[in-house]
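# Architecture at a glance
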Amino acid sequence: MPRSSARKDLTLKALELFQICARKSSVQATADETGLSISTVSHHLRSLEEHLGVELFDHARRPMMLTPKGQMFLKEIDVALGSIRKATAEASAGNVTETSYLRFGSIADMDSDITPDLAVYLSRKMPQCNFVFRSGSSRELLDMLRDRQLDIGIATTPPEGVNNLQDAPLLRDPFVVVLPEGRTEETADVMAGKSDLPFLQFTSDLLIARQIEAQLRRLGVEMPDRFECGNNQTLMAMVAAGAGWTITTPLLFSRARRFHSKLRMHQFPGKSFARTLSLITTPDCAGSVRGLIDQKLRNLLTRHALTPMHQSNAWLEDRFFLVTGAD
């Protein structure tokens, strides 16, 4: 591309769109994520290339590919945009009422009451803020945080950690065995296959399924595949109908109140294990926003999950709890 004699101004929006398009390899996908039109995205990218006097993308290829100069530029821009976002967050630290944009993600386990209550609370605390709330699996949310599609989210901390993200442990959520109401078998016998109840499990692509599978493998327990589901409510409905048994957590169990009269939750036999839900943020998320959300989430988890579960299952009190800095 020949160097333009009349350069257009370099804009922050163009740099941000370039970063997204480099990750998505598609103008259409960039437009979908940002809510802009394809022509607007293309205009910003063309203006950026004209300003630099180089081609950043090989526009003849699909999916779009960065040129060698585009790859070098992206590496520097990633650092620069990170510094800008961090500086912006720090400038507004301590004054959440002036926060103008926040993208929050949560695992679907929170959709029935915790996330809606949080959304209402934040809308009042941040009257000038434009919000984006998304739900998904822990893996999906972590990917969105790493790609800067989210600023903050609540998800299960994976065994390998969160790499360049920041995580603050929030809730210890132990694994439990759930049987249909009225079944008298010992849970150890059920897990050993000494029951006519089949094992109903989460789909293997979910982080929770990987954690359960790893623990069963450590115990030398093998479960035949019969029924897999990615939705906790469906698993609880199947168990309530007497179609099998499952391994889940108290938080997930608490989300399925309509089935509680037909279910019975039991301690996991042998050595217990748990998942940890954490508040996970990008490095440039304002500390004041993070603190506000952390405090409110703890209140909501106590009200909607911990207190009801402790009242109905006293044995959970020293297993199912909020994680503090000293834990």
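Each chain has its residues counted from 1, running along the sequence as written. Residue-level local features of this predicted model are given only where pLDDT is at least 70; pairs of side-chain atoms are given and counted only at 80 or more, and the full residue set underlies all totals for whole chains, interfaces and linings. With hydrogens and water set aside, each side-chain value is computed from the structure's full complement of heavy atoms.

### Focus on the overall build of the protein
Secondary structure elements are defined from DSSP: runs of H or I of at least 4 residues count as helices, runs of E of at least 2 residues count as strands, and each element is numbered from the N terminus. Helix and strand content of the protein: 11 helices and 13 strands. Taken across its 327 residues, the protein has 47% of its residues classed as buried. By definition, residues are in contact when any of their heavy atoms lie within 4.5 Å. Taking the contacts inside the protein whose residues are at least 6 apart along the sequence as the reference set, 73% of them involve residues at least 24 apart. Per element, the accessible surface of the protein, about 16200 Å² overall, is 50% carbon and sulfur. Here Asp and Glu are counted as negative and Lys and Arg as positive; His is not counted, and neither are the chain ends. The atoms used to mark charge sites are NZ of Lys, CZ of Arg, CG of Asp and CD of Glu. Here the protein contributes 39 positively and 38 negatively charged side chains, and the mean placements of these two sets differ by 2 Å. Each residue's exposure class comes from its accessible area (1.4 Å probe, protein chains only) as a fraction of the maximum for that residue type: buried when under 20%, exposed when over 50%, partly exposed otherwise. What sets the accessible areas is the Shrake-Rupley method with a 1.4 Å probe; for residues, cover comes only from the shown protein chains.

### What about the packing of aromatic side chains?
Note on aromatic contacts: the rings of Phe and Tyr and the six-membered ring of Trp form a pair at centre separations within 6.5 Å, being stacked when their planes are under 30 degrees apart, edge-to-face when over 60 apart, and tilted otherwise. For the coordinates displayed, the defined rule picks out seven aromatic pairs. Measuring from ring centre to ring centre gives 5.3 Å for Phe 18 and Phe 73, while their planes differ by 55°; the resulting arrangement is tilted. Placement of the pair is Phe 18 in helix 1 (residues 12-24) and Phe 73 in helix 4 (residues 68-91), with a sequence separation of 55 residues. Each ring, one from Phe 175 and one from Phe 273, has its centre 4.4 Å from the other, and the planes form 15°; the classification is stacked. Of this pair, Phe 175 sits in the loop between strand 6 (166-174) and strand 7 (176-180) while Phe 273 sits in the loop between strand 11 (263-267) and strand 12 (274-281), placing them 98 residues apart in sequence. For Phe 273, a relative accessible area of 10% corresponds to the buried category. One aromatic cluster is present, built from ring pairs that chain together Phe 18, Phe 57 and Phe 73. Two limits define a charge over a ring: the Lys NZ or Arg CZ must be within 6 Å of the ring centre, and within 35 degrees of the ring normal. Over the ring of Tyr 121 we find Lys 296; its NZ or CZ atom is 4.6 Å from the centre of that ring.

### Quick look at the pattern of salt bridges
Any carboxyl oxygen of Asp or Glu that lies within 4 Å of a side-chain nitrogen of Lys or Arg is treated as forming a salt bridge with it. Scanning the entire structure with this criterion turns up 15 salt bridges. The residue Asp 113 makes a salt bridge to Arg 257 at a minimum N-O spacing of 3.5 Å. Of this pair, Asp 113 sits in the loop between strand 3 (101-107) and helix 5 (114-125) while Arg 257 sits in the loop between helix 10 (250-254) and strand 11, and the two are 144 residues apart along the sequence. Residue Arg 257 is classed as partly exposed on the basis of its relative accessible area, which comes to 44%. We note a salt bridge from Arg 319 to Asp 318, for which the minimum N-O separation is 3.1 Å. On the basis of relative accessible area, Arg 319 is assigned to the partly exposed category, the value being 24%. We classify Asp 318 as exposed; its relative accessible area is 55%.

### Considerations on the nonpolar core
In this text, buried Ala, Val, Leu, Ile, Met, Phe, Trp, Tyr and Cys residues form a nonpolar core when linked through side-chain atoms within 4.5 Å. Ranked by internal contacts, the top residues of the largest apolar core, which has 71 residues, are Trp 245 and Ile 293. At nine residues, the largest contribution of residues to this core is made by helix 11 (residues 287-312). If near-sequence neighbours (up to four positions away) are discounted, Trp 245 is found in contact with Val 177, Val 178, Leu 179, Val 190, Met 191, Leu 197, Pro 198, Phe 199, Leu 200, Met 223 and Val 239. Phe 18, Ala 31, Leu 45 and Leu 74 belong to the second largest nonpolar core, which has 20 residues in total.

Without other data, these values stay purely geometric and don't point to any function.
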